[in-house]
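Each chain, written out:
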Amino acid sequence: QGGDVWEVKFDPHSGQGAAGAAAPGVVFCTQRGTLGLAGASGAGSVLPGRAAVPTTLATSAQGFNSFDVQGGDIVALTDAQELVYVRRQ
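Residues numbered from 1 in each chain as written. Predicted model: local features only at pLDDT ≥ 70, side-chain atom pairs only at ≥ 80, totals over all residues. Heavy atoms only, no water.

Draft legend 1. Structural detail: the packing of aromatic side chains. A complete count under the given rule lists 0 aromatic pairs for this structure. The ring of Phe67 has Lys9 lying over it, and the distance from NZ or CZ to the ring centre is 5.3 Å. (Phe/Tyr/Trp six-rings, centres within 6.5 Å; stacked < 30°, edge-to-face > 60°. Lys NZ or Arg CZ within 6 Å of the ring centre and 35° of its normal.)

Written out as structure tokens, the structure reads:
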């Protein structure tokens, strides 16, 4: 995934977390152009005693500056002022 994480938000699409999960999932964006999902949202894998492996939702040659999560949809802004729209099922 790499790069500094610029922003992290709870993922309302994941609900209050899966059974046995400590917290709901989170969506994050990085300096190196990854928009990702980690935690209890059903994306990524969590092994006992190990950290969650994030799932990449979108990548960009530019870094992501910010994003907004509205239900299942995510809108992100890159360093080049491009909008990226991710629609989840």
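Draft legend 2. Region of the structure containing unusual backbone geometry. The phi dihedral of Gln81 falls on the positive side, at around 65°, and the residue is not glycine. With respect to the helices, strands and loops of the structure, Gln81 is situated in the loop between strand E6 (73-78) and strand E7 (83-87). On the basis of relative accessible area, Gln81 is assigned to the exposed category, the value being 56%. (Helix = DSSP H or I, 4+ residues; strand = E, 2+ residues; numbered from the N terminus. Buried < 20%, exposed > 50% of the residue type's maximum accessible area, 1.4 Å probe, protein only.)

Draft legend 3. Layout of the nonpolar core. By size, the foremost hydrophobic cluster in this structure holds 11 residues: Val27, Cys29, Leu35, Leu37, Ala58, Phe64, Phe67, Val69, Ile74, Ala76 and Val86. The set of elements that each furnish at least two residues to this core consists of strand E2 (26-30), strand E3 (34-38), strand E5 (64-70) and E6. Sorting elements by how many residues they give to this core places E5 first, with 3 residues. Every residue in contact with Leu35, bar those within four places of it in the chain, is listed here: Val27, Phe28, Cys29, Thr55, Thr56, Leu57, Ala58, Phe64, Phe67, Ile74, Ala76 and Val86. (Core = buried A, V, L, I, M, F, W, Y, C linked by side-chain atoms within 4.5 Å. Contact = heavy atoms within 4.5 Å.)

Draft legend 4. Spotlight on the pairing of E3. Most of E3 sits inside the fold, with 5 of its 5 residues counted as buried. Taken together, the 4 bridges between E2 and E3 define a ladder with antiparallel strand orientation. Looking across to E3, one finds that Cys29 is bridged to Leu35. Between E2 and E3, which pair antiparallel one after the other, the connecting turn spans 3 residues, and Gly33 there sits at a positive phi close to 95°. Examined bridge by bridge, E3 and strand E4 (residues 55-59) share 4 bridges and lie antiparallel to one another. Residue pairing in the sheet places Leu37 in a bridge with Thr55 of E4. (Pairing = 2+ DSSP bridges.)

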